[in-house]
Amino acid sequence: MVEEHMHEVTHQVAHAEEGLKELANWITLVNEYRHGSVAHFLHHWENVVFSLTAALFLVGISFLAARKKLLIPTPLQNALELAVESLDNLVTGIIGPRGRAYVPFIGTLFLYILIQNFMGLVPGMKSPTSSLNTTAALAICVFGYVQGIGIKENGILGYVDHLMGNPRDLVGWIMTPLNLPLHILEELIKPLSLSLRLFGNVLGEDSLIAAFVGLGILALSFMKSPIGLPLQFPFLLLSLLLGTIQALVFSLLTTIYISLMLPQEAHEH
Amino acid sequence: MVFAAGPILGFAIGWWVDEKWGFDPWGKTILSLLGFVASVKQVIDLIKKATKDVSSDVSEDTSNNA
């Protein structure tokens, strides 16, 4: 009897690992037990729903913290001020004082990605950044923003000049046919590497946690326990660390891409 | 990741170029190589930028301490 049950559980876990690489979230459950159009819609747009949840969470926290600005701040206001100041220092440390103009975009990006990465650690939720669609959308935003800054700060001719590798002498002009496609490819590599890096890391973390949750359930399945061993716990801590690092890497690279796009005198001190 | 993205992107664009203008296999070959060179250049640029920031921070600290 026990062997039979073990076999069944092993089969279920193996089946789950084949089909699902991540833990079930509340939308998966809704879709499993309710077969209506709403459930289907939610399941289809799962990542968008969780991304919007992260955005609404940030809006709510910011609203609560900034609603009543006090000279002696509340703990929430203090935490948010600390976050804003740290992000401001990060960006201005790389770009210089002019970088303050880009703090709202880069800061929002960091906090948004951080919250999305951490959502995978909350039971019933999912990291939207474990989907390439979400990370590609973020990377395309960064690509558009960086190119927009390049055109705005350098002018159209200056932007094309930057893409040609700033040719100033004969050798520079001779090298232009090579430099132009090289720079265009370089600009296109940026969003691809940004999106793949974030997606791969977060999916890897979430899959690891899901695998250890499965193992924990399997470990206690011989006594028909409704809960499993928390074998995934160390990896939750690791995920906290890696989620922060990935959010930081994404925003840091965005800052460097902006800095490389600015006219030379603007970011050299 | 940047090293992987360069040749992949170059190959993808090269494929499209070959399909469009029938340069097969030159589009894929040349653009994959260009993608690799672009990714190496980007990594060098990033390292240069990072080391410049670190060295400017160190020199600022030294001048503050002096």
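See above for the structure.
Not measured: the values here are computed from a predicted model.

> Any chance you could explain the overall build of chain A here in plain terms?
The helix and strand tally for chain A stands at 10 helices and zero strands. In chain A, the succession of α and β elements from N to C terminus is α-α-α-α-α-α-α-α-α-α. Here chain A holds 269 residues, and the buried ones make up 39% of them. Here the contacts in chain A between residues at least 6 apart in sequence split such that 68% fall between residues at least 24 apart. Carbon and sulfur atoms form 72% of the exposed surface of chain A, whose accessible area is close to 15,300 Å².

> Just checking my understanding: could you explain the interface of chain B and chain A for this structure?
Interfaces are often sized by the accessible area lost when the parts come together. Contacts between chain B and chain A engage 20 residues on the former and 22 residues on the latter. Taken together, both faces of the contact between chain B and chain A bury some 1,900 Å²; the carbon and sulfur share is 75%. Considering only the surface of chain B that becomes buried against chain A, B:M1, B:Q42 and B:K49 emerge as the three largest contributors, covering 29% of it. Taken together, the connections running from chain B to chain A amount to one salt bridge. A salt bridge links B:K41 to A:E186, with the nearest nitrogen and oxygen atoms 3.3 Å apart. Where the side of chain B that touches chain A is concerned, the elements lending two or more residues are α1 (2-21) and α2 (26-65) of chain B. Sorting elements by how many residues they give to the side of chain B that touches chain A places α2(B) first, with 13 residues.

Rules of the game
Residues numbered from 1 in each chain as written. Chains lettered and ligands numbered in written order. Predicted model: local features only at pLDDT ≥ 70, side-chain atom pairs only at ≥ 80, totals over all residues. Heavy atoms only, no water. Helix = DSSP H or I, 4+ residues; strand = E, 2+ residues; numbered from the N terminus. Buried < 20%, exposed > 50% of the residue type's maximum accessible area, 1.4 Å probe, protein only. Contact = heavy atoms within 4.5 Å. Areas by Shrake-Rupley, 256 points an atom, 1.4 Å probe, with all protein chains shown as cover. Buried area = accessible area lost by both parts, 1.4 Å probe. Salt bridge = Lys/Arg side-chain N within 4 Å of Asp/Glu carboxyl O.

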